[in-house]
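# Report on the structure
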Amino acid sequence: MVTERWIRHPRGMRLGQAARIAVSLLAVAVLAAACSSSDPEQPGAAQSVSPQPGASGSGGQTEPADPAGQPVTGGTLVIGLQSDPSPLNPNLSTNGPTQQIGTMIYEPLMYFDNAAAGPKPVLAKSWDVSKDGLTYTFKLVNAKFSDGKPMTSADVKYTIEEVSAKSFAPFAPAAAAIKSIEDSDPHTVVVHLKNAFGPFLLSLTRVWILPKHVFEGTDPLTNPASTDKPVGTGPFVLDSVTRGDRWVLKRNPDYWQQGRPYLDGIVGKVVPDAQSATLALAAGEISYLSSQVISPSDVETVTASGNVVAHPDSFAPNMTQLFFNMTRKTTANKDVRHAIGMAIDRQFLLTNLFQNGGQVAKGNFDTRLKWAYNSEVDFDKSYPYDPEKAKQLLDTAGFPNNGGSRFSLTILVEGSSRFQPVAEAIASMLKDVGIDAKVSAPEASVATKQAFEKPGDFDLYLQSYTTNWDPALGIARAYVSSSIGKTFGNAAGYSNPEADKLFDEGQAAPTEEERAVPYKKVQTILADDLPVMPLIETKLNDVVSPKIHGLWYAANWGQWQEAWSE
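Heads up: these notes are all about the structure in this document. What you see is a predicted model; the values in this text were computed from it and never measured.

Rules used throughout
Residues numbered from 1 in each chain as written. Predicted model: local features only at pLDDT ≥ 70, side-chain atom pairs only at ≥ 80, totals over all residues. Heavy atoms only, no water. Helix = DSSP H or I, 4+ residues; strand = E, 2+ residues; numbered from the N terminus. Buried < 20%, exposed > 50% of the residue type's maximum accessible area, 1.4 Å probe, protein only. Contact = heavy atoms within 4.5 Å. Areas by Shrake-Rupley, 256 points an atom, 1.4 Å probe, with all protein chains shown as cover. Pairing = 2+ DSSP bridges. Axes fitted to C-alpha atoms, helices over the stretch in contact; angles between N-to-C directions. Expected span 1.5 Å × (residues − 1). Arc of directions from axis to C-beta. Polar contact = N/O pair within 3.5 Å; in protein donor to acceptor, adjacent residues only side chain to side chain. Core = buried A, V, L, I, M, F, W, Y, C linked by side-chain atoms within 4.5 Å. Parallel < 35°, antiparallel > 145°, perpendicular 65-115°, else oblique. Left-handed = near helix turned anticlockwise from the far one by under 90°. Nonpolar A, V, L, I, M, F, W, Y, C, P; charged D, E, K, R; others polar. Phe/Tyr/Trp six-rings, centres within 6.5 Å; stacked < 30°, edge-to-face > 60°. Salt bridge = Lys/Arg side-chain N within 4 Å of Asp/Glu carboxyl O.

Glancing now at the overall build of the protein. When helices and strands are tallied, the protein shows 18 helices and 23 strands. Burial status across the protein gives 60% buried among its 566 residues. When contacts within the protein are restricted to residue pairs at least 6 apart in sequence, long-range pairs at least 24 apart make up 71% of them. Entry remark: accessible area of the protein is about 20700 Å², with carbon and sulfur atoms responsible for 50%.

Looking now at the sheet that holds strand 17 (residues 407-412). Taken in spatial order, the 6 strands of this open sheet run 16-20-15-19-17-18, and their pairing is mixed. Looking at strand neighbours, the two that pair on one side only are strand 16 (358-360) and strand 18 (435-440), the edges of this open sheet. Put simply, the sheet's adjacent strands are angled 25 degrees from each other on average, direction ignored. The pairing of strand 17 with strand 19 (residues 460-466) spans 2 bridges and is classified as parallel.

What follows is about helix 17 (residues 497-508). Given a rise of 1.5 Å per residue, 12 residues ought to cover 16 Å, and the 17 Å separating the end C-alpha atoms of helix 17 matches this to within 8%. Within the span of helix 17, buried status applies to Ala499, Asp500, Leu502, Phe503, Gly506 and Gln507. The buried residues of helix 17 occupy an angular sector of 165 degrees when projected down its axis, which confines them to one face. Where the residues of helix 17 are buried, they touch helix 4 (172-177), helix 16 (471-474) and helix 18 (512-529). You can read the cap of helix 17 off the contacts: a side-chain oxygen lies 2.9 Å from the backbone nitrogen of Glu498, and it is on Asn496.

Let's shift gears to the side chain of Asp459. Inspection of the secondary structure puts Asp459 in the loop between helix 15 (444-452) and strand 19. A polar contact is formed between the side chain of Asp459 and the side chain of Arg328, at a distance of 2.9 Å. Apart from residues no more than four positions distant in its own chain, Asp459 is found in contact with Phe323, Phe324, Asn325, Arg328, Thr331, Leu409 and Thr410.

This next bit is on unusual backbone geometry. Cis geometry is adopted by the peptide bond preceding Pro261, which originates at Arg260 and carries an omega value of -5 degrees. The residue after Lys454, namely Pro455, is reached through a cis peptide bond having omega 0 degrees. Its identity as a non-glycine residue notwithstanding, Asn468 has a phi of 55 degrees, on the positive side. Along the chain, Asn468 falls in the loop between strand 19 and helix 16.

So, about helix 14 (residues 420-431). For helix 14, spanning 12 residues, the distance from its first C-alpha to its last is 17 Å, which sits close to the expected 16 Å at 1.5 Å a residue. Summarising burial for helix 14: 9 of the 12 residues are buried, a large majority. Buried residues of helix 14: Gln420, Pro421, Val422, Ala423, Ala425, Ile426, Ala427, Met429 and Leu430, and no others.

On to the sheet that holds strand 7 (residues 135-140), then. Taking strand neighbours across the sheet as the criterion, the 4 strands line up as 6-7-9-8 in an open arrangement whose pairing is antiparallel. Of all the strands in the sheet, the pair left with one neighbour each is strand 6 (124-129) and strand 8 (178-182). Geometrically, the sheet is characterised by an average inter-axis angle of 15 degrees between neighbouring strands, direction not taken into account. Sheet analysis places strand 7 next to strand 9 (residues 188-193), joined by 5 bridges and oriented antiparallel. Opposite Phe138, over in strand 9, you have Val189 as the bridge partner.

A separate point is the environment of Gln70. Positionally, Gln70 belongs in the loop between helix 1 (22-35) and strand 3 (76-81). For Gln70, a relative accessible area of 67% gives the class exposed. Through-space distance from the C-alpha of Gln70 to that of Trp564 is 9.6 Å; in sequence the pair is 494 residues apart.

Among the nonpolar cores identified, the biggest contains 98 residues, and Phe138 and Phe200 are the most heavily contacted of them. Excluding anything up to four places from it in sequence, Phe138 contacts Met110, Ala124, Ser126, Trp127, His187, Thr188, Val189, Val191, Phe200, Leu201 and Leu204. Formed by 45 residues, the second largest nonpolar core is a distinct cluster that contains Ile344, Leu394, Ile426 and Ala527.

The next point concerns the packing of helix 10 (residues 334-343) against helix 13 (residues 387-396). Contact geometry of helix 10 with helix 13 gives a least axis separation of 8 Å together with a crossing angle of 165 degrees. One element, helix 10, and the other, helix 13, form an angle in the roughly antiparallel class. Considering only the axes of helix 10 and helix 13, their crossing is left-handed. Every residue of helix 13 that contacts helix 10 at Asp335, Val336, His338, Ala339, Met342 and Ala343 is listed here: Pro387, Lys389, Ala390, Leu393, Leu394 and Thr396. When its residues are assigned to classes, the contact of helix 10 with helix 13 shows 8 nonpolar, 2 polar and 2 charged.

On inspection of all chains with the given rule, the structure shows 19 aromatic pairs. Centroid distance Tyr288 to Trp560: 5.9 Å. Interplanar angle 90 degrees. Geometry classified as edge-to-face. In this pair, Tyr288 is assigned in strand 13 (residues 288-289) and Trp560 in the loop between strand 22 (548-549) and strand 23 (564-565), connecting sequence segments 272 residues apart. Since its relative accessible area comes to 6%, Tyr288 is described here as buried. Between Tyr479 and Phe503, the ring centres sit 6.2 Å apart and the planes meet at 10 degrees, which makes this aromatic pair stacked.

Turning to its location among the elements, Asp386 is positioned in the loop between helix 12 (379-382) and helix 13. In this structure the C-alpha to C-alpha distance between Asp386 and Ala343, which are 43 residues apart in sequence, comes to 6.1 Å.

We now examine the pairing of strand 5 (residues 118-121). Note: strand 4 (residues 110-113) against strand 5, 4 bridges, orientation antiparallel. Residue Met110 lies in a different strand from strand 5, and its bridge partner there is Pro121. Taking the residues that link successive antiparallel strands as the turn, the strand 4-strand 5 hairpin has 4 residues, and the phi of Ala117 there is positive, at about 55 degrees.

Going through the model one piece at a time under the given rule, you end up with 22 salt bridges. Taking the shortest distance from any N to any O, the salt bridge between Asp239 and Lys250 comes out at 3.7 Å. You can see Asp239 sitting in strand 10 (residues 236-242) and its partner Lys250 sitting in strand 11 (residues 246-251), a full 11 residues away along the chain. Given the relative accessible area of 44%, Asp239 is considered partly exposed. It is possible to trace a salt-bridge network through shared partners that takes in Arg346, Lys362, Asp378 and Asp380.

Here it is as structure tokens:
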């Protein structure tokens, strides 16, 4: 029997989901200490972690240093997935399971190196940029796809033009700047831009090269190579799938990087709810949970046993935010949106559900992008937690509370994700001002479809967006009209020509100083229109058992060929 520990909001709500597993974890921890610390045959037995110099995070015990020596070969890492990857092609969705498994199989031209704070080579061994910033020349490595066919410039051209440019919202700004791509030399790609686009190299860190000979003439979304028969250049290949249970990957025997990967294989075990995921981690059944799966409160609980440790994740600055569906009668009303903003106690969410893993968001732009953030925009002042003011705004908007509720709405969230208890807390806060809010938490692929297929099957949608280190790549997609209907794009359906114009100017200007001018202007528009309510600028932790190394040097989902186990 699980004993529940409730977190109580000062206004009387009960928030228990994040704490329900505490007692069970204490019991499991005793067993985990006995069975997972020294048994090398135990599934998911002890693995390890080492934080980056200067990295910070909260929610759980973080190992202070990396005690390991040289990487060793062998072993299988078992990781937790909140659902089946759907699709498996990382060019089609930023959904967590898709990215986590898909990036083990497909590779980009380059990755973002956290220590260097810039791109480093993967499939592009070198590149040259013309002085005017309009021509990029990439020299490719000699790599083969898992079906034995060579990877060439034609595959790069096809992926960029036919898949990423058309389907991947974070790449849309870069795609708009492309004039043409030359692939006459199989080992060289030349990209010509219409205008200089400062973060172009950065944008390519999220384009994973696909085999043209497999995808051409098909729908990338339904092609088997996007679902359960992937053909990539990456360090691992898909060995078997049991949907709803596990995705088994094995070492790519023909991987182009000599001596990599270190691991024999990776198993993605589907743990469809937060309680089972965290218990499996504590028991040693899985060895790694991404910060995108485990909630900060659960990180704190599960690391208390000492059998696993927390490690600052490698994601670019990201923000948990609430999208308003601008096509619905209630949420299309600006006064309603403003009222909902004031009805949410964001400090309470940060303290009790994010375990102070970050800070309350100040505006629609993350403050960690210092050069672009407009310090005159301050949501603590514009939308302070003020339920009484929220009630007044709702009355003014024509939604009085006549003894029942003012209106009903649904908060959409990915089931079994760290966002679900946050959504439940927000629903309780909205009920306090007379809004009958309910949470809908389908599995991730269903939630993604409901959120991004026009006009959106939700009233409010809770999700976290990475900045991708640049407003043009990570922030604009949530607001520009061209991203409506694109997966992990403009879920709100918000369209403002002036905002579109300013975002265009911001991405096109040649220097950060010049780019900041339109970006700071657009923030004042977004702060008033409020199509999206920023909640928390997050800084979160992954959780691993203490003998896994090599995962955290690359931004976002990592470079898995470097992972190894003691």
